[in-house]
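As a plain string of letters, each chain reads:
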Amino acid sequence: MKAVTCEQYGPPEVLKITTALKPVPKAHEVLIKIKASTANAADCNVRGLTYVPPGLGWLARVMLGFSKPKINIPGSVLAGEVEAVGEAVNTFKPGDQVFWIGPEMGAYAAYACRPEKGALTLKPDNTTFEEAAAVPYGALTALYFLREKAAIQSGQKVLIHGASGGVGVYAVQLAKYFGAEVTGVCSTANVEFVQSLGADRVIDYTKEDFTRRNEKGDIIMDIVVGKTSFTRCKHALTPKGYYLAVAGGLKDMLQMIRTSMGSGKKVVFGGGSESEKKEYLDFLRTLIEAEKLKPIVDKSFPLENIVEAHRYVESGQKRGNITISIGHP
Ligand SMILES: NC(=O)c1ccc[n+]([C@@H]2O[C@H](COP(=O)([O-])OP(=O)(O)OC[C@H]3O[C@@H](n4cnc5c(N)ncnc54)[C@H](OP(=O)(O)O)[C@@H]3O)[C@@H](O)[C@H]2O)c1
C-alpha cells in the first residue's frame, strides 16, 4: 500500500512517499481504508518538533523520539471506511464510515488497523471524509479545555486567543454553542472569518493588545505559542477565571500546579491524549449532524503532495484546518 514515512526530524521534505505492507487486523482491531487525514500542529511536531512549547523540548523528545521520530508513518487523524474487523470486534462492521484520532499516528497511508476501543467512532453522516478528518484534532482540544477543564457555563465571557487556527475555529463555535459571549483574537485578514464562525466580537491583534482592555472574562483560552502569558492576562480574568494554556510551556505547567492549590484564578495546562476519547468524538458527531458545529477546511492536498501540505501549515497562512486526501486505485 502507499504510505508516507518520516525517518528523521526536519523540514517538510523529510516526509517520503513510499510503499508499506498492508496491515492485518488483530482480534480487537478494525482495518480501515483511509480516505482522508490532516496536517496539523501535532503532525508537524512529530515531523519537525515545530510547535513544541518553550521549555518542553526534552519532554517532546522523550515522547516523540530522542534523535529521530519513533513513529515511522505519521498522520494523527483519519477518516475512512472499515474494510475488515478482527474476530473479537463487535461495534464495527465492514462498510462503516469512521473517524479516529490517536497518538499511534499512521494515518498517512492507504490503510491502518486501529483498536476498536480507541477514539474511533462513526463519522458524521452529513460530512465528506475530508470534513470529518478536519474535526478531531481541533474540536476535541477545544471541547476538552472548555467543557472538561473550565466547565464553561452559559452567559460567561470567553476570549479565544488564536481564534482562526485549527483549534480556535472550533473553540469559537463550541463556546457559542455552550451559550458564552465570545471574543475572538486573530489578524486583520481573519476578522470577518472569525465573525462568520459566530464570535460576538473580534479583536485584531495587529491593532490592539487584548490584555490592555479594561475588561474581565471568565475564560481566556490561549492557543498561540509564546505571545502572551497568565501573568499578562491575570488582571483580565474574573476572581475564579480560567487561563487555558493550550499552547503552554513549562512555565504554564508550573503555574498550573501553583494555582491549583488556591481557590482563585486557575491555569490549566495539558490536553493531548487526555482529550482523545470516543465519547467526546460521539458528542461532536451529534453536534455536526444537528448542524450546531461546522467542520472548517481551508485547503485539501492529495497524499502525494504531503510536503506542500506541511509547508502550507507552517507558513502561518492557513485558516482552520488542512486535510489530506488519500485516493485508492
Ligand atoms: N494542548 C493540546 O492538547 C493542544 C492541542 C492542539 C494544539 N495545541 C497547540 O496549540 C497551538 C495552536 O494550534 P493550532 O493548530 O490552532 O495552530 P494554527 O492553526 O497555526 O493557529 C494559530 C493561531 O495563532 C494566531 N496567531 C499567529 N500569530 C499571532 C500573534 N502574533 N498574536 C496572536 N495570535 C497569533 C493565528 O491567527 P492569524 O492566522 O489570524 O494570524 C491563528 O489563529 C500549537 O502550538 C499546538 O501545538 C495544543
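Right above here is the structure, for reference.
Along each chain, residues carry numbers from 1 onward, in the same order as the chain's sequence is written. Thresholds applied to this predicted model are a pLDDT of at least 70 for local features of residues and 80 or more for the giving and counting of side-chain atom pairs; totals over whole chains, interfaces and linings are not thresholded and use all residues. Only hydrogens and water are removed before side-chain values are computed, so all heavy atoms of the structure are retained for them.

**What to know about the pattern of salt bridges**
Here's step 1: Throughout this description, the term salt bridge denotes a Lys or Arg side-chain nitrogen within 4 Å of a carboxyl oxygen of Asp or Glu. Counted under the stated rule, the structure contains 15 salt bridges.
Here's step 2: In this structure, Asp200 engages Lys176 in a salt bridge whose closest nitrogen and oxygen atoms are separated by 3.0 Å. Within this pair, whereas Asp200 is found in the loop between helix H6 (191–196) and strand S10 (201–204), its partner Lys176 is found in helix H5 (residues 168–177), the two being separated by 24 residues in sequence.
Here's step 3: The network of salt bridges with shared partners includes Arg201, Glu208, Arg213 and Glu215. Runs of H or I in DSSP of at least four residues are treated as helices and runs of E of at least two as strands, each being numbered from the N terminus.

**Some points on the packing of aromatic side chains**
Here's step 1: To pair, rings of Phe, Tyr and Trp, with the six-membered ring standing in for Trp, must have centres within 6.5 Å; the planes then decide the type, stacked if under 30 degrees apart, edge-to-face if over 60, and tilted in the middle. Considering all chains together, one arrives at six aromatic pairs under this definition.
Here's step 2: Between Tyr144 and Phe145 the ring centres are 5.5 Å apart and the planes differ by 85 degrees, which places this aromatic pair in the edge-to-face class.
Here's step 3: For every residue, the accessible area (1.4 Å probe, protein chains only) is compared with the maximum for its type, and the residue is labelled buried under 20%, exposed over 50%, or partly exposed between those bounds. Exposure remark for Tyr144: the relative accessible area of 5% places this residue in the buried category.
Here's step 4: Judged by centre distance (6.1 Å) and plane angle (50 degrees), the ring pair of Phe301 and Tyr312 falls under tilted.

**A look at the site of the ligand**
Here's step 1: Surrounding the ligand, one finds 26 residues, the nearest of these being Tyr137, Ser164, Ser187, Tyr205 and Lys318.
Here's step 2: Any pair of nitrogen or oxygen atoms within 3.5 Å is treated as a polar contact; in protein, a donor-acceptor pairing is required on top of that, and neighbouring residues in sequence qualify only through side-chain atoms on both sides. In the model, an oxygen atom of the ligand is placed 2.8 Å from a nitrogen or oxygen of the Gly166 main chain.
Here's step 3: The contact in question runs from a nitrogen atom of the ligand to an N or O atom on the backbone of Gly270, over 2.7 Å.
Here's step 4: Note on areas: these come from Shrake-Rupley sampling with a 1.4 Å probe, and a residue is covered only by the protein chains present in the view. Compared with its free state, where it exposes 930 Å², the ligand has 83% of that area covered by protein.
Here's step 5: Considering each element in turn, the shell around the ligand owes the most residues, three residues, to helix H4 (residues 136–149).
Here's step 6: Residue polarity is assigned by list, with Asp, Glu, Lys and Arg as charged and Ala, Val, Leu, Ile, Met, Phe, Trp, Tyr, Cys and Pro as nonpolar; anything else, Gly included, falls into the polar class. Its residues assigned to classes, the shell around the ligand shows 13 nonpolar, eleven polar and two charged.
Here's step 7: Boundaries of every domain are those given by an automatic assignment or by a domain database. Mapping the shell around the ligand onto the domain boundaries places at least three of its residues in each of domain 1 (2–135 + 295–325) and domain 2 (138–272). For each residue, the test is whether any non-hydrogen atom lies within 4 Å of the molecule or strand; if one does, the residue is near.

**Thoughts on the packing of helix H1 (residues 41–48) against helix H10 (residues 306–314)**
Here's step 1: Only the contacting stretch of a helix is used when fitting its axis, a line to C-alpha atoms as for every element, and angles between N-to-C directions run 0 to 180 degrees. In contact at an axis separation of 10 Å, H1 and H10 are set at 110 degrees when each is read in the N-to-C sense. Considering the angle they form, H1 stands roughly perpendicular to H10. For the element pair H1 and H10, the recorded crossing hand is left-handed. When H1 is examined against H10, the residues Asp43, Cys44 and Arg47 are found in contact with a partner set consisting of His310, Val313 and Glu314.
Here's step 2: Of the residues that constitute the contact of H1 with H10, the class distribution is two nonpolar, one polar and three charged. The scheme is simple: roughly parallel for angles under 35 degrees, roughly antiparallel for over 145, roughly perpendicular for 65 to 115, oblique for anything else. With the far helix as reference, a near helix turned anticlockwise by less than a right angle produces a left-handed crossing, and one turned clockwise produces a right-handed crossing. When checking whether two residues touch, look at their non-hydrogen atoms; a contact exists if any pair is within 4.5 Å.

**Some details on the state of the cysteines**
Here's step 1: Cysteine sulfur atoms that come within 2.5 Å of each other are treated as a disulfide pair. Using the criterion set out here, one finds zero disulfides in the structure.
Here's step 2: No disulfide involves Cys6; its sulfur sits 11 Å from the nearest other cysteine sulfur, which is in Cys44.
Here's step 3: Here Cys186 stays free of any disulfide, with the sulfur of Cys233 as its closest cysteine sulfur at 16 Å.

**A look at a nonpolar patch on the surface**
Here's step 1: Together, Trp58, Val62, Met63, Leu250, Leu254, Ile257 and Met261 line one region of the surface with nonpolar side chains, adding up to about 760 Å² of accessible area.
Here's step 2: For the nonpolar patch, the secondary structure elements donating two or more residues are helix H2 (57–64) and helix H8 (250–260).
Here's step 3: Relative to the assigned elements, Val62 resides in helix H2.
Here's step 4: Residue classification places Val62 among the exposed residues on the basis of a relative accessible area of 54%. A patch consists of residues whose relative accessible area exceeds 30% and which take part in no salt bridge; residues with like charges are grouped when within 9 Å of each other, and nonpolar side chains (Val, Leu, Ile, Met, Phe, Trp, Tyr) when within 5 Å.

**Structural notes on the nonpolar core**
Here's step 1: As used in this record, nonpolar core signifies buried Ala, Val, Leu, Ile, Met, Phe, Trp, Tyr and Cys residues forming a set joined through side-chain atoms within 4.5 Å. Residues Leu146, Ile160, Tyr170, Leu174, Met221, Leu244 and Leu284 are the most contacted members of the largest nonpolar core, which totals 55 residues.
Here's step 2: Of the residues forming this core, the biggest block, eight residues, is contributed by H4.
Here's step 3: Viewed by domain, this core spans two of them, domain 1 (2–135 + 295–325) and domain 2 (138–272), each represented by three or more residues.
Here's step 4: Those residues in contact with Leu284 that lie beyond four places of it in its chain are Val135, Ala139, Leu140, Leu143, Leu174 and Leu293.
Here's step 5: Ala3, Leu15, Val89 and Ile306 belong to the second largest nonpolar core, which has 32 residues in total.

**Notes on H8**
Here's step 1: Of all the residues in H8, the buried ones are Asp252, Gln255 and Thr259. Seen from one end, H8 has its buried residues packed into an arc of 60 degrees, which puts them on one side.
Here's step 2: Looking at the buried positions of H8, the neighbouring elements they touch are helix H7 (230–233), strand S12 (237–245) and strand S13 (266–269). Our arc is simply the arc of the directions from the helix axis toward the C-beta atoms.

**A look at the environment of Asn321**
Here's step 1: Relative to the elements of secondary structure, Asn321 occurs in strand S15 (residues 321–325).
Here's step 2: For Asn321, the contacting residues outside a window of four places in its chain are Ala134, Tyr137, Gly166, Val169, Tyr170, Ile296, Val297, Asp298 and Lys299.
Here's step 3: Only 3.2 Å separates the side chain of Asn321 from the backbone oxygen of Ile296, close enough to count as a polar contact.

**As for the sheet that holds S10**
Here's step 1: Spatially, six strands are ordered S10-S9-S8-S11-S12-S13 in an open sheet, and the strand pairing comes out parallel. Two strands bound the open sheet, and with one partner strand each, they are S10 and S13. The sheet shows a mean angle of 15 degrees between the axes of neighbouring strands, direction not considered.
Here's step 2: Relative to S13, S12 runs parallel, the two being bridged by four bridges. Its bridge partner being in S13, Tyr242 is matched across the sheet by Lys266.
Here's step 3: In the packing of H4 onto the sheet, contacts are made with strand S8 (157–161), strand S11 (217–222), S12 and S13, and the angle to S11 comes to roughly 150 degrees.
Here's step 4: This element, H8, spans S12 and S13 of the sheet and lies at about 135 degrees to S13. Only strands that DSSP links by at least two bridges are regarded as paired with each other.

The values are spatial; any link to function lies outside them.
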